[in-house]
Every structure is written in C-alpha cells, then in structure tokens.
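Chain by chain, the residues run as shown.
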Amino acid sequence: MSFHFDPDDRPKIGQRYHALKQGDNLTQEELDSLVAEWEPRICPNAKERSENFALVRPDGSTTGVVGPRWVFHVFGLRHRATEIALKTERGLILLQRRSPTVQDWQNAPDMAVAGHIPQNPDGSDMTFLEGAWKEMEEEIGLCREDSETLLVEEELLPVGLPYVSLDMAIERTPPFLNTEVRQIYAATLTAQGLSRLCFPDNEVSGLLMVTWETAWSLLAETNIASGMRYSLPRYLDWLAQTGQRA
C-alpha cells in the first residue's frame, strides 16, 4: 500500500474504531462520510480505492453498505474473506508459501488459497463460493469450469460456518485493523488438478505438501500467515471428524 499518513491521526483512528464497533448499524451515508473525511488524509493507492468490499454481519450476510477496501482495513469494518484447504488423494495437505513481494506475511506458510471477497464489477454481492473460486484461479490457476476433473469431490466443500477473525497491527502506517468473516472450503486434488497448479498472480511462490502431524507442528512457528493460524486448526479437526485424516 502507498499511504500518506500523519502519525498524529493514529489515536483518532483508534477512537473511531471503537466507536464504529466493526460497522454494526453503519449506514451507507455514514460510510461515505467516513471515506470523504479520511481519504485525503490517508491517500490510499489506486487498488485500495478501486476494490470495493461489502459490510457484513458476524454470520457473513451483507448489510447493503459498500465501501473501498482501504476504509475497511483502517477502521476495522467487518468484511468477507475465504480460506481454501486442499489435500492430495494420499492425504498430504497443501500449503502455500507466500511471495516475498506481498504486503503481509512475506515468505510465510499459509492456507493453499486465501483472499478477500470483493464486490462484483457490477456492484452486486459476490458469494463466498464465487469468491473462493476467484481466488483459486488467481492464485493457483484452477478454474471452476474444470472442477469435475480437478477435484475428487467436483466442488469446494464448506468447512463449518463462517467465523470472525481480528488482526490488529496498530504500529503500521496507517494502523491495520482487519476484521474478517472467513469461510473455509476444502477439496481433494486429482492427479490432473495437481499437474495444473501454477501461480498466475505471483502472490504465491510455491507449495508445501505436509502430513497432518506436520501441519499441526507448523502452527507453533512465529512467521505463519494469520489466516493459516485461524483456519488450519479448524480444517485439521474437520479432517479428523470426517474420517479423512491420513
């Protein structure tokens, strides 16, 4: 992100974060006013201004209020994200190695696929599943149109219900207050699916294949992506509960 930021605004952002309560009861007019007040003070880059998120409730349902990506991350407004867990037919779990050029968690292990759920280009809501497949195609090159040959299950399966996570980096410029409602999906890659893996958007530098036990041990590392720290235990428990642990 290319932000301009006055450090004197840091406590003001903290106060506003607590007052907004992650966007509960925030109207479109109020969000637009927040954007108008703070955009000239923060000067987010073009990507942060052009990608829109929907404000959501703790269950992931949208409220009808929409705003640019940056305002959600600066003020901790609740928005949607997805994490996708993949494994091989022999039970090895795939994890990504994040690129050294990404904004956060450079070179860190993460779930096989992870990303935000933006609004559609026409402004309509994108579903969790649509967003998951969008990230699948962008990060590892797998398209939903080919899911019958790429995935044993032929579709991504939801792992439990959406859950709320909060990551705070107050020291960042500007502060990073990331409140996400995340939906985990899971699938098993076929041999063809494995052969088709690639990294189109350069956000992923490689993939790790680990056992169930090694996946648990990785959670003790300090430099792992926050999404993996939240979502991997849920996925590993789901594998055990559904009898899919290798």
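These numbers come from a predicted model, not from an experiment.

By size, the foremost hydrophobic cluster in this structure holds 22 residues, and its most contacted members are I84, L86, M136 and L156. Put simply, the parts of the chain that give this core at least two residues each are β3 (79–87), α5 (128–140) and β8 (176–188). For this core, the element with the most residues is α5, which contributes five residues. Residue contacts for I84: discarding those within four places in its chain leaves M111, A112, V113, A132, M136, L156 and Y185.

The next point concerns the packing of helix α1 (residues 10–20) against helix α2 (residues 28–42). For the pair α1 and α2, the least separation of the axes is 14 Å and the interaxial angle reads 160 degrees. The orientation of α1 with respect to α2, classified from their angle, is roughly antiparallel. The hand of the α1/α2 crossing is left-handed. Along the contact surface, α1 presents K12, I13, R16 and L20, while α2 presents L34, E37, W38 and R41. In terms of residue class, the contact of α1 with α2 is made up of four nonpolar, no polar and four charged.

Here we take up the pairing of strand β7 (residues 157–169). Sheet topology note: the β7/β8 ladder contains ten bridges and is antiparallel. Paired with V164 across the two strands is V181, which belongs to β8. Connecting β7 to the antiparallel partner β8 that follows it, the hairpin turn spans six residues.

All right, on to a nonpolar patch on the surface then. A contiguous nonpolar patch, built from L166, M168 and I170 and spanning about 250 Å² of accessible area, is present on the exposed surface. A relative accessible area of 30% means that L166 is categorised as partly exposed.

With that settled, the discussion passes to the side chain of E180. Within the fold, E180 resides in strand β8. Side-chain polar atoms of E180 contact the side chain of N178, separated by 3.1 Å. Looking at E180, its side chain comes within polar contact range of the side chain of R182, at 2.6 Å.

Okay, α5 next. In this model, α5 (13 residues) spans 18 Å end to end at C-alpha, consistent with the 18 Å of a helix rising 1.5 Å per residue. If you check which residues of α5 are buried, you get F128, G131, A132, W133, E135, M136, E139 and I140. Of the residues trailing α5, G141 is marked for its positive phi of about 75 degrees.

Quick look at unusual backbone geometry now. Note the cis peptide between T173 and P174, where omega equals -5 degrees. Tracing the sequence through the fold places P174 in the loop between β7 and β8. The backbone phi angle of Q22 is positive, close to 65 degrees, even though this residue is not glycine. Looking at the secondary structure, you find Q22 in the loop between α1 and α2. Residue class for Q22 comes out buried when judged on its relative accessible area of 18%.

The rules behind the values
Residues numbered from 1 in each chain as written. Predicted model: local features only at pLDDT ≥ 70, side-chain atom pairs only at ≥ 80, totals over all residues. Heavy atoms only, no water. Core = buried A, V, L, I, M, F, W, Y, C linked by side-chain atoms within 4.5 Å. Buried < 20%, exposed > 50% of the residue type's maximum accessible area, 1.4 Å probe, protein only. Helix = DSSP H or I, 4+ residues; strand = E, 2+ residues; numbered from the N terminus. Contact = heavy atoms within 4.5 Å. Axes fitted to C-alpha atoms, helices over the stretch in contact; angles between N-to-C directions. Parallel < 35°, antiparallel > 145°, perpendicular 65-115°, else oblique. Left-handed = near helix turned anticlockwise from the far one by under 90°. Nonpolar A, V, L, I, M, F, W, Y, C, P; charged D, E, K, R; others polar. Pairing = 2+ DSSP bridges. Patch = residues over 30% accessible without salt bridge, like charges linked within 9 Å, V, L, I, M, F, W, Y side chains within 5 Å. Areas by Shrake-Rupley, 256 points an atom, 1.4 Å probe, with all protein chains shown as cover. Salt bridge = Lys/Arg side-chain N within 4 Å of Asp/Glu carboxyl O. Polar contact = N/O pair within 3.5 Å; in protein donor to acceptor, adjacent residues only side chain to side chain. Expected span 1.5 Å × (residues − 1).

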